[in-house]
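# Geometric and topological summary
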Amino acid sequence: MTNNSIAETGQQYIMNTYGRFPISLVRGKGTYVWDADNKQYLDFVGGIAACSLGHSNENLIQVLTEQAKTLWHVSNLYWIEPQVQLAEKLTAATGMDKAFFCNSGAEANEAAIKLARKYFYGQNQSNKNEIITFKNSFHGRTLATVTATGQTKYQKGFAPLAPGFVYADYNDLPSVEAAVNENTAAILVEVIQGEGGVIPADISFLRGLRQLCDQNELLLIIDEVQTGVGRTGKFLACQLYGIKPDIVTLAKGLGGGIPIGACLAVDKVAAAFEPGNHASTFGGNPLVTAVACKVTEIVSKEGFLKQVEKMGDYLGEKLLALKDPRIVQFRSRGLIQGLEFEREVKDLVGICMKKGLLLVNAGPNVLRFVPPLTVNEIEINGAAAILKQALQEWE
Ligand SMILES: Cc1ncc(COP(=O)(O)O)c(C=O)c1O
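Attention in this report is confined to the structure presented alongside it.

Rules of the game
- Residues numbered from 1 in each chain as written.
- Predicted model: local features only at pLDDT ≥ 70, side-chain atom pairs only at ≥ 80, totals over all residues.
- Heavy atoms only, no water.
- Phe/Tyr/Trp six-rings, centres within 6.5 Å; stacked < 30°, edge-to-face > 60°.
- Helix = DSSP H or I, 4+ residues; strand = E, 2+ residues; numbered from the N terminus.
- Buried < 20%, exposed > 50% of the residue type's maximum accessible area, 1.4 Å probe, protein only.
- Lys NZ or Arg CZ within 6 Å of the ring centre and 35° of its normal.
- Pairing = 2+ DSSP bridges.
- Near = heavy atom within 4 Å.
- Polar contact = N/O pair within 3.5 Å; in protein donor to acceptor, adjacent residues only side chain to side chain.
- Areas by Shrake-Rupley, 256 points an atom, 1.4 Å probe, with all protein chains shown as cover.
- Nonpolar A, V, L, I, M, F, W, Y, C, P; charged D, E, K, R; others polar.
- Patch = residues over 30% accessible without salt bridge, like charges linked within 9 Å, V, L, I, M, F, W, Y side chains within 5 Å.
- Salt bridge = Lys/Arg side-chain N within 4 Å of Asp/Glu carboxyl O.
- Lys, Arg positive; Asp, Glu negative; His and termini not counted.
- Contact = heavy atoms within 4.5 Å.
- Expected span 1.5 Å × (residues − 1).
- Arc of directions from axis to C-beta.

What follows concerns the packing of aromatic side chains. Under the definition given, this model contains seven aromatic pairs. Ring geometry for Tyr-170 and Phe-205: centres 5.5 Å apart, planes at 70 degrees, overall edge-to-face. Taken together, the positions of Tyr-170 in the loop between β6 (165-168) and α8 (173-179) and Phe-205 in helix α9 (residues 203-216) put the pair 35 residues apart, joining distant regions of the chain. One exposure class covers both Tyr-170 and Phe-205, and it is buried. A ring pair is formed by Phe-341 and Trp-394, whose centres lie 5.3 Å apart and whose planes are at 90 degrees; its orientation type is edge-to-face. A residue pair is termed long-range when its members are at least 10 positions apart, and Phe-341 in strand β14 (residues 336-341) and Trp-394 in the segment after α14 (377-393) qualify at 53 residues. Overall, the relative accessible area of 1% leaves Phe-341 in the buried class. The rings of Phe-134, Tyr-170 and Phe-205 are connected pair by pair, giving a single aromatic cluster. The positively charged end of Arg-27 is found above the aromatic ring belonging to Trp-34, 4.5 Å away from the centroid. It is Arg-343 that lies over the ring of Trp-394; its NZ or CZ is 4.2 Å from the centre.

Both faces of the sheet carry side chains from a regular strand, because those side chains alternate between them. With respect to burial, strand β5 (residues 130-134) is a largely interior element, five of its five residues being buried. Residues Glu-130, Ile-132 and Phe-134 of β5 are buried on one face, and the alternating residues Ile-131 and Thr-133, pointing to the opposite face, are buried as well. Across three bridges, the pairing between β5 and strand β7 (residues 184-190) is parallel. Residue pairing for β7: Ile-132 is matched across the bridge by Ile-187. Sheet topology note: the β5/β6 ladder contains four bridges and is parallel. When the bridges of β6 are listed, Ile-132 appears paired with Val-166.

Turning to the site of the ligand, a few remarks are in order. In the vicinity of the ligand, 13 residues are found, and the nearest of them are Gly-105, Ala-106, Asp-223, Gln-226 and Lys-252. Within the contact set of the ligand, an oxygen atom lies 2.8 Å away from a backbone nitrogen or oxygen of Gly-105. Here an oxygen atom of the ligand and a side-chain polar atom of Gln-226 are 2.8 Å apart. Relative to its unbound accessible surface of 390 Å², the ligand loses 81% to contact with the protein. Among the residues forming the shell around the ligand, the class breakdown is three nonpolar, six polar and four charged.

A cluster of nonpolar residues, Leu-143, Phe-158 and Leu-161, forms a patch on the protein surface that exposes about 270 Å² of accessible area. Mapped onto the fold, Leu-161 is located in the loop between α7 (152-155) and β6.

On to the side chain of Arg-231. On the secondary structure map, Arg-231 appears in the loop between β10 (219-223) and β11 (247-250). No salt bridge forms around the buried Arg-231; measuring N to O, its nearest opposite-charge neighbour Asp-43 is 9.6 Å away. A distance of 2.7 Å separates the side chain of Arg-231 from the backbone oxygen of Pro-371, its partner in a polar contact. In this structure Arg-231 touches Ala-49, Gln-226, Val-308, Arg-333, Gly-334, Leu-335, Ile-336, Val-370, Pro-371 and Leu-373, once residues within four positions along its chain are discounted.

The first and last C-alpha atoms of helix α3 (residues 58-70) sit 18 Å apart over 13 residues, in line with the 18 Å expected at 1.5 Å per residue. For α3, the set of buried residues is Leu-60, Val-63 and Gln-67. An end-on view of α3 places all buried positions within 65 degrees of arc, on one side of the element. Facing away from the buried surface of α3 by more than 90 degrees, the exposed residues are Glu-58 and Lys-69. Of the surrounding secondary structure, the elements contacted by the buried residues of α3 are α4 (81-94) and α11 (286-299). Where α3 begins, the side chain of Asn-57 points an oxygen toward the backbone nitrogen of Asn-59, at a separation of 2.9 Å.

See below:
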């Protein structure tokens with residue numbers, strides 16, 4: 001099939017929930033992908049920060065095919081060996097004590113929200129069920145997580161929303177202090193607002209949240225769905241800030257492109273979940289956890305994380321060197337980077353695509369760069385050269 005025929009058939013049979021470009025990617029290797037008409041692209045979207053080790057990574061292919069020949073799926077009625085191994089690796093990499101596995105970022109946040117409420121319910125404080133989240137945040141599309149998401153554009157048309165969420169201003173500690181009351185259970189926060197425009201938390205803000213939680217006996221839930229698993233040059237972005245959450249959620253990069261989510265918690269909090277409280281048929285199944293184990297093993301290595309930092313610096317230099325007068329601000333942590341322009345970047349993304357570079361926006365005015373963590377200097381040079389040409393054509 002060609003790009004056109006796939007798009008036409010898709011329009012006929014697929015629900016219209018995504019604004020899609022008229023191409024279909026059919027093959028990938030490393031940082032490159034090819035469409036159905038065999039056009040090659042440098043992929044700086046990486047499945048939106050999911051393809052952490054690039055496309056068709058040899059290590060992951062090997063693990064996936066071995067596991068596929070052994071056991072695909074069994075129920076969580078039984079212990080699942082790769083799931084147990086993954087939990088051991090993730091708790092070591094994050095300083096958390098226990099894991100719950102699911103299939104996406106939204107589900108990981110659902111688990112975190114339920115766990116926080118159950119924790120206080122178990123202490124006869126069921127009034128403590130409110131979660132403070134932030135304006136401009138993004139936590140998912142299920143009814144609870146879209147309510148947690150502090151952006152009305154994602155919520156419109158889906159009322160009634162889930163009760164128990166209040167919104168404070170990001171990077172504004174007094175606004176959070178003002179929102180805390182006797183019903184507050186937890187604060188749910190992204191270390192970098194990814195979908196919101198690649199906006200990092202200030203160090204004093206994040207440390208202030210930790211302190212506020214300690215002083216008021218609240219739980220700090222950090223959503224690392226986009227920033228976790230090495231994206232920032234640390235296994236968790238909050239490790240850049242020296243902060244330890246009570247609950248942390250992961251997804252995207254954890255599976256290297258295989259659908260998985262994880263909710264990790266410290267023992268005291270994790271103990272609130274008892275058999276029957278929460279579950280997922282496919283959560284943590286052998287196929288996905290075998291792959292995620294390999295991803296975690298590779299990404300946790302000090303040398304790998306140092307290289308992410310190095311490539312992040314290199315990409316940052318290239319982007320800063322563009323010096324386009326329409327750039328308002330550059331923001332970055334490792335290999336999650338954003339160039340904010342004075343106007344919408346949609347057309348610029350389209351021009352880059354035509355020239356063979358895939359990028360994604362983060363909010364209307366921000367060009368986001370979330371390539372595979374395995375990206376190299378040659379690929380970064382290639383992307384910067386295309387972007388430079390595209391900027392010249394962008395009117
Ligand atoms: C910070 C954050 N949380 C949650 C989600 C939702 O993840 P998923 O699309 O896997 O449900 C996203 C997705 O972009 C995200 O960036």
